[in-house]
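Notes for the structure review
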Amino acid sequence: MMTAVTFLILFIFLPSSNEFRLLFANRRDIRLLETNASSPSPRGSSTITTLIDKLSDVTSLDWVESTVCWTDLEDGAIYCENDSKRSIIVNNHLPSPEDMAIDWLTNKIYWTDSDNNRIEVVNMEVPYYRAVIIQEDMDQPRAIVVSPQTGLLFWTDWGEYPRIERATMSGSDRRAIVTNDLFWPNGIALDVEGKIVYWVDAKLHIISYVDFEGRNRGRVGRETTGHPFALIFASGGFYWSDWHTNSLHYLRNSIPPPRPATLAPRHPLTPMDLVDFTPRPNIPSPCASSPCSHLCLLTPGSFTCACPTGIGRINQTHCKTQMEEFLLVARSTEMRLISLDTKDYTDMVLPLKGLRHVLAVDWEDTEGWVYWTDDEKRVIERAKLNGSDQKPVIMSQIIHPDGLAIDPIASNLYWTDAGTDRIEICKLDGSFRRVIISKHLQEPRAIAVDPLAGFLFWSDWGKQPKIEKSRLDGSERVSLITDGISWPNGIALDPQSQQMYWCDGKLDKIEVSSYTGSQRHILTASNLPHTFGFTILNNDLYWTDWQRRVIEKADKSTGRNRVTLKDPFSDANGLKAVRRWSWKGVKNGCTGNGGCGELCFWMGDSVKCGCRSGYELKWDNQNCFLPGSFLIYTGVGDLHRVSLNRSEDEEIIPVGRLKAPVAVESYGDWVYWTDSKTRTLSRAKVDGTGVTQNIIDLGLFHPEGLAIDHVAGNIYWTDMGSGKVEICNLDGKFRRTVVWGVEEPRSIAVDQQTRHLYFSLWSSTTAPGISRSEIDGAGVTQFVTNWRTHGLTIDGGYLYFTNIDSETILRKSLEGGGGLEFLFKAFSPYSLVVHGDRIYFSSLSNGSIYHIEKEPIVGPPSPPTPLLTHAGNVLDMTVYKYNSTVDLSGSCSCVVGLCMLGRRKSECLCGNHQSIVNGTCIGPKEFLLAATSNSILRILNEHAPEDVVSNVKNARSVDWGKGLIYSDGGRVKGVDAGVEGWEIGLDRRRGWVFFTTANGGVNVSTGLGISGTVVIGSDLPPHNLVPHPPSFTLFYIQGEGIYRIRYDGRYKRRVVEGNVSSLGVSGDFLYFSLGQVIWRCTLDGKGRVVVVASGEEIRTISLWGEVIFYSTQSGLFKVPTVFSSTITPILPIPVSTLKFVNLSISPVPDACDGSSCGFCVEGVCSCPIPLVLAPNGRHCVVKLMCGAGEWECASGAVGCIGNMKRCDGNVDCRDEGSDELNCATDPPPCVLPNCMEPSDSSESGSAPWGVAVACILTVVLICIIGFVCHRRRLRKQPAGIPATTTTEPLFHHPPPSHPSSSPYCELLAPHPSPATDCCREYCGNPPPTPCSTDLCSDIVYSPPPPSSAGGTSSSGGRSRGVSSINLKRSSGWGNSYVPPPPSPT
């Protein structure tokens, strides 16, 4: 680090007249170079000292007095350091700082930004007032230099039309001084005394100059080095950094000009910017006693007062303290602020973190909060304008937050959610959240609030687009605009005129109407291809346009006076126009929250209080309380709650958007539900906090009923699709099947006292009714018969239910001795729940919820009392009870597993097919895998099948290694190696996987790096792969037969002929199915006997000990291996493939004659095709390809021998002498050293000479052509430069011969800018890499080759790699340049 001592040394011991010092940026540090000013020598006279180190990515620098400042591209910041104290001058909205220069008279930093395309200035003292001084018509500004003595600044621009410009240091009096014959104007330097501007062109490799007025243009000396970057003029010479040479260079300004010298060549450098480090002249500053309140900027002979960006003026010398009117613009990954107090509409980035996809934005004026929705992060956040106090407001149960609106008087926040299709509200700090509108919304988007009128407006662009209005609490909902509307993206309100404006992104127009939807008319429909964000302020409407990528405004009354504020401005979404303090002093009944305890709604003429979700108003209608109980029911895509104390008091439970909720239950703070579309069992906090958890999301087909065992802490559910009743604990662990093989189980209830299960069956083949079992599913009996029932509820020793067939409500004593009691008949009751003295039920006929008395009434029945009308299709309901949890400590005390608390015993049980071993749940060692049409099941004897994986369509093959292995159509899942195929077979002893390939073969993978072919591909693909580990044999079906082959691909033969559908191996026997019969034979195909005659076509078989499992169209069955007529059904559904798994088989290492083998087969080291044994005879390696004149050894060992060694009487191959076999029948092509094949001719020997002569002639011809082109290029002059403005001809010289240079790089490499370092990476030794600036991703900025009018290019007048690209430049180039489209990346 640089210290105060360093600076004291630098400035106290000033350099002598013959010494010159310069500072330069070296990417990761800042260094000082000292050299002889009169004749800098490359041979050691220069010394380099590191002043500041451990930096990130320094690209430019400058200094004043004892302070060094620099830009850091990686940090996006400007730093200054003095006496080891580092200050951050700028660290916001600085994406691509190209170059910087310090006004050492007034202590201000100027810099260029090639991403924002602007020049800015900032004070070096606190507060760091920052202002944009030039931004119009800027393309890609690069280098910058200031002259405080004259009040001028100069800069280069290397955009589509390269140029050099100047202006005063306040940005005024701007003019271009060089516009012709520029390519990459990189470094720029000044001779203030001579009033000369020098610059270096990285494409032309020359230093040129003009005077301050742009006249008297000339060139300095010879061409420079390969890629000059920064340039200074000092001590009678030129110093520059070069990216190709990674060095600093010097050129003395003399006649004749000498060759450039390299400074400190022994130092490895990555030089960037450099500055003269000699003392500056001591002259008075015009700003020393200026009256400027913020910024004093120099002009020739005077100064100008300037205001920070976006701050308006009070007068010529003083500025306002802050912005009063501005736009907040959501721009996907950032938030921009555009001041409306100034006419330059400069945009600034708010220093916010972690934005991903911001859609909407709003402003809270009292405390100055910015609120926004982030669709990708699924949050609503807020922060202050300076980026402080950034925090989430809403971050749970939110899917696609879209529109946003603030009620500034009541301090309420409204938002639309296109994922849940809801409109919600909370306080500005996120508290007291409540859903106010959820029904009949499809794609809610924009939302707007009129706090004084008490109205809420929103748009919906779903299948039936519309704009609607309601009171601020969601009541009195009215549709305003329903026709002539498609994509109503934005809404803006004018409270004074009571008018509503909206923009339509599809119909390309802006319309207006009254608050009632009347007086509708088009305001403007001109050039509005895709409007999105929309806002209003004073007399103007503002909007963003996705397609044109602009921000515009127009008069709100006429649509005229359109002004483009920003063009281009991509990724602009929502925007908000703000006038500070516009709501100050504005009041209504909700000022101070209107006496409400939680939410206050101004209804236009009165106050209405509201509560957060789950709470209800007290009888004072102001304060809220948590009710002891309320009703929860399933709606269409939602869960709803209804007060049991107030009728028609209903709201959404904010648990996210649901697809098809079927059943609902509650326990403690949780609400549980099943969803028949997503096939899940889920839970969430009943107050909407936290996130939704899918506790069961595997193996559910059509989940229906739901019941909680409050005593044991378990949850039961029925699955109508699989015909099962299952159980797990309350967080989804230890799932078990308690009842299976039943038809269409629906509603379910748990008797907490007698420990029984009751579940309804809607069987279509047997009599429907209600069944009862023990709590563990044992002892299933019929409790009620012959009726389809629903809504099973247990209360007070009775089972209550609805009879769907008779449309009645009934009950029956749990003792079972009495008959059925009739309670009610009307309205087609469906779901039911009992609470207190009332029965609550839903009606299928009118979609309402009613309640009746629980006890039967003597005499005429009373009509039911409505609790909630128009509730919809209510499939299930439950009563939530506060503090409904039960102390479970004394139930089972299970350390692991779930508590199965029965009448006679209690036990701890694991999940399906598992048992507790040493305190851990362990799976079975032997089981059967069965693939159905959409899942893979695990089957055990006397146990219900368990889904191992679901949503698998038509698995072709299954097995079990370290876990499940299966193929579902080309990709094998469950193995580490990238195995692809239709069928698989596993040798569990060795862990080898056999799999079919796309070319109709079979490959093997050992999992230890060895893989190869066992069966060579053919038109008849193999299937049903069954390895037989004891014999190292693979059995498979191919065509019309069963084949066997050794693991290394040898000894293939057919053992069974016929149209075999499936096979299995057990012990020394082979089992296979032919049509409707299962046969058994030996492993050689002998001794066939029939073991099963099924009567149906057999699809697949598998062997489990002495039992055969097989599948037909009717289902899965088992039968003993000895012929028997005892066939036992297992599953009523067909199975596509079966596999018996025995995990008790441990891997057995194979010994191959005591040596370590990579692929051991029958005690012999071998290899699958195409691998062969290495010379050590143990390892498999890739087989060498023998060249011409060589003979390939047959197998076993790697080797190629010369043809002369074939059949020479000596064994040369290491595979037991295959080179000496069959010599009589297959003689070698040539045995004698000088023999010649009969096909050879005497002319063949001349071929090599002919080729040599042709090569020599080609080289000579190329040299002649190259020499001629080189001479022509040296003589040719560039056109387009007036002779009167040139003191010396400007030549296009060829590029220097440098190891890292490339003609392709010269023509196509992106701009020479520190913002990317593209050219350094691309043209140097490393390969080209993607870059980050516009230029690097868009070939539009690639320098084109010169036209015929402009001389020859550095590559000999020919564009290498871009010959088809036309040219379009400023004057001096004749052709048109049409850039190719940018890369998609």
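A quick note: this is a predicted structure, and the numbers were derived from the prediction, not measured.

A few points about the overall build of the protein chain
The number of helices and strands found in the protein chain is five helices and 112 strands. The buried share of the protein chain, taken over its 1385 residues, is 56%. Taking contacts inside the protein chain between residues at least 6 apart in sequence as the whole, the part at least 24 apart equals 45%. Accessible surface for the protein chain amounts to roughly 58500 Å². Of this, 51% is attributable to carbon and sulfur atoms.

What about the packing of aromatic side chains?
Under the definition given, this model contains 31 aromatic pairs. Between F229 and W243 the ring centres are 4.8 Å apart and the planes differ by 20 degrees, which places this aromatic pair in the stacked class. Here F229, found in strand β20 (residues 228–234), pairs with W243, found in the loop between β21 (237–242) and β22 (247–252); they are 14 residues apart in sequence, far enough to count as distant. Like W243, F229 is buried. Plain terms: the ring middles of F455 and Y515 are 6.4 Å apart, the flat faces sit at 85 degrees to each other, and that makes the pair edge-to-face. Placement of the pair is F455 in strand β39 (residues 455–460) and Y515 in the loop between β44 (509–514) and β45 (521–524), with a sequence separation of 60 residues. Here F455 and Y515 have matching classes, each one buried. Here the aromatic cluster, defined as three or more aromatic residues joined through ring pairs, consists of W992, F994, F1032, Y1047 and F1159. We note R811 situated over the ring of Y798; from NZ or CZ to the ring centre the distance is 3.9 Å.

Topic: unusual backbone geometry
Residue D567 is joined to P568 through a cis peptide bond whose omega torsion reads 0 degrees. With respect to the helices, strands and loops of the structure, P568 is situated in the loop between β49 (563–566) and β50 (575–579). In this structure, P1170 follows I1169 across a cis peptide bond, with omega equal to 5 degrees. Topologically, P1170 is positioned in the loop between β108 (1164–1165) and β109 (1171–1173). Look at D571: it is not a glycine, yet its phi comes out positive at around 60 degrees. Positionally, D571 belongs in the loop between β49 and β50.

Regarding the pairing of strand β79 (residues 898–901)
Neither face of β79 is open: one carries L898 and M900, the other C899 and L901, and all of them are buried. Direction of pairing for β79 relative to strand β80 (residues 906–909): antiparallel, over a ladder of four bridges. By the bridge assignment, L901 is partnered in β80 with S906.

Overview of the sheet that holds strand β32 (residues 379–384)
Taken in spatial order, the four strands line up as β30-β31-β32-β33 in an open sheet, and their pairing is antiparallel. Unpaired on one side and paired on the other, β30 (358–364) and β33 (391–394) mark the two borders of the sheet. Averaged over all pairs of adjacent strands, the angle between strand axes in this sheet comes to 30 degrees, irrespective of strand direction.

Re the nonpolar core
Ranked by internal contacts, the top residues of the largest apolar core, which has 37 residues, are I109, Y110, W111, I119, I133, L153 and W155. Ranked by the residues each element gives to this core, the list is headed by strand β25 (residues 295–299), at four residues. Discounting residues that sit within four places of it in the chain, L153 has contacts with Y110, I119, I133, I144, V145, V146, E165, R166, A167, T168 and M169. Core analysis: the next-biggest nonpolar cluster, separate from the first, contains 34 residues, L51, L55, V58 and A234 among them.

A word on the sheet that holds strand β70 (residues 789–795)
With respect to topology, four strands assemble into an open sheet ordered β70-β71-β72-β73, the strand pairing being antiparallel. Looking at which strands have only one partner, the edges of the open sheet turn out to be β70 and β73 (820–825). Between one strand axis and the next, the sheet turns by 20 degrees as a mean value, whatever way the strands run.

With respect to the state of the cysteines
This model, assessed by the stated rule, comprises eleven disulfides. Disulfide pairing places C307 opposite C319 at an S-S distance of 2.0 Å. Between C307 and C319, the S-S torsion sits near -95 degrees, and that sign places the bridge as left-handed. Here C307, found in the loop between β26 (302–306) and β27 (325–331), pairs with C319, found in the loop between β26 and β27; they are twelve residues apart in sequence, far enough to count as distant. The class of C319 is buried, set by a relative accessible area of 7%. There is a disulfide in this structure between C596 and C609, and the S-S distance comes to 1.9 Å. Taking the sign of the torsion about the S-S bond as the criterion, the disulfide between C596 and C609, at about -75 degrees, is left-handed. Of the two residues, C596 sits in the loop between β50 and β51 (599–602) while C609 sits in strand β52 (residues 607–610), which places them 13 residues apart along the sequence. Judged by relative accessible area, C596 falls into the buried class, the value being 8%.

Here's the deal with the side chain of H93
Structurally, H93 is set in the loop between β7 (85–90) and β8 (97–103). The buried category is assigned to H93, whose relative accessible area is 11%. A distance of 3.3 Å separates a polar atom in the side chain of H93 from a polar atom in the side chain of N116. If near-sequence neighbours (up to four positions away) are discounted, H93 is found in contact with D113, N116, R118, R130, R336, D347, M348 and V349.

Details of the environment of L639
Considering the arrangement of structural elements, one finds L639 in strand β56 (residues 639–643). Considered as a pair, L639 and I653 are 14 residues apart in the sequence and their alpha carbons are 5.5 Å apart. If near-sequence neighbours (up to four positions away) are discounted, L639 is found in contact with Y633, T634, E651, I652, I653, V655, L658, P661, V664, V671 and W673.

Details of the side chain of H756
Within the secondary structure, H756 sits in strand β67 (residues 756–761). We classify H756 as buried; its relative accessible area is 10%. A polar contact of 3.1 Å, which involves the side chain of H756, links it to the side chain of T754. Discounting residues that sit within four places of it in the chain, H756 has contacts with A749, V750, D751, R772, S773, E774, I775 and R903.

Comments concerning the pattern of salt bridges
Pairing of side chains with opposite charge becomes possible as their charged atoms draw close. Taken as a whole and judged by the stated rule, the model has 58 salt bridges. Across the pair D157 and R163 runs a salt bridge, and its minimum N-O distance is 3.6 Å. The class of D157 is buried, set by a relative accessible area of 0%. The class for R163 is buried, based on a relative accessible area of 13%. Residues participating in the shared-partner salt-bridge network are R118, R331, E334, R336, D347 and K566.

Let's talk about the pairing of strand β41 (residues 478–481)
Relative to β41, strand β40 (residues 466–471) runs antiparallel, the two sharing three bridges. Of the residues in β41, the one forming a bridge with K469 is V478. Between the end of β40 and the start of β41, which pair antiparallel, lie six residues, with G474 showing a positive phi angle near 95 degrees.

Section: a nonpolar patch on the surface
Judged by side-chain polarity, I1256, V1260 and I1264 come together as a nonpolar surface patch covering roughly 280 Å² of accessible area. We classify V1260 as partly exposed; its relative accessible area is 43%.

Let's talk about the environment of T106
Within the fold, T106 resides in the loop between β8 and β9 (108–113). A relative accessible area of 10% places T106 in the buried class. The spatial distance from the C-alpha of T106 to the C-alpha of L297 is 7.9 Å, given a sequence separation of 191 residues. For T106, the contacting residues outside a window of four places in its chain are S285, C287, C296 and L298.

Focus: the confidence of the model for the protein chain
In this model, the protein chain carries a mean pLDDT of 83, and residues with pLDDT of at least 70 account for 83%. Summarising per-element confidence for the protein chain, the mean pLDDT is lowest in helix α3 (residues 1303–1308) (33) and highest in β39 (98). Contacts from residues 1230–1249, a stretch scored under 50 in pLDDT, to residues over four places away or in other chains number eight contacts. Between residues 1273–1385, whose pLDDT stays under 50, and residues either more than four places distant or in other chains, the model counts 234 contacts.

So, how was this worked out
- Residue positions are given per chain, counting from 1 as you read along its sequence in written order.
- Confidence filtering applies because this is a predicted model: local features only for residues at pLDDT of at least 70, side-chain atom pairs given and counted only at 80 or more, and all residues used for totals across whole chains, interfaces and linings.
- Hydrogens are left out, water is left out, and the side-chain values use all remaining heavy atoms of the structure.
- In DSSP terms, a helix is any run of H or I states spanning at least four residues, a strand is any run of E spanning at least two, and both are numbered starting from the N terminus.
- We call a residue buried when its accessible area falls under 20% of the maximum for its residue type, exposed when it is over 50%, and partly exposed in between, using a 1.4 Å probe and counting protein chains only.
- A contact between two residues is defined here by any heavy atoms of the two lying within 4.5 Å.
- Only the protein chains shown count as cover for residues, and all accessible areas are computed by the Shrake-Rupley method using a 1.4 Å probe.
- Pairing of aromatic side chains requires ring centres within 6.5 Å, counting the rings of Phe and Tyr and the six-membered ring of Trp. Pairs whose planes differ by under 30 degrees are stacked, by over 60 edge-to-face, and all others tilted.
- Working rule: Lys NZ or Arg CZ, within 6 Å of ring centre, within 35 degrees of ring normal, means a charge sits over the ring.
- Strand pairing requires that DSSP identify at least two bridges connecting the strands.
- Throughout, an axis means a line fitted to C-alpha atoms (over the contacting stretch in the case of helices), and angles, computed between N-to-C directions, take values from 0 to 180 degrees.
- What is meant by a nonpolar core is a set of buried Ala, Val, Leu, Ile, Met, Phe, Trp, Tyr and Cys residues, joined one to another through side-chain atoms within 4.5 Å.
- To count as a disulfide, a pair of cysteine sulfur atoms needs to be within 2.5 Å.
- Each polar contact in these results corresponds to two N or O atoms within 3.5 Å; when the atoms are within protein, one needs to be able to donate a hydrogen and the other to accept it, and residues that are neighboring in sequence are counted only if both atoms are side-chain atoms.
- We count a salt bridge whenever a side-chain nitrogen from Lys or Arg sits within 4 Å of a carboxyl oxygen from Asp or Glu.
- Every patch collects residues that have over 30% relative accessible area and no salt bridge, joining them within 9 Å if they carry like charges and within 5 Å if they are nonpolar side chains (Val, Leu, Ile, Met, Phe, Trp, Tyr).
- Scored between 0 and 100, pLDDT is the confidence that the predictor attaches to each residue.

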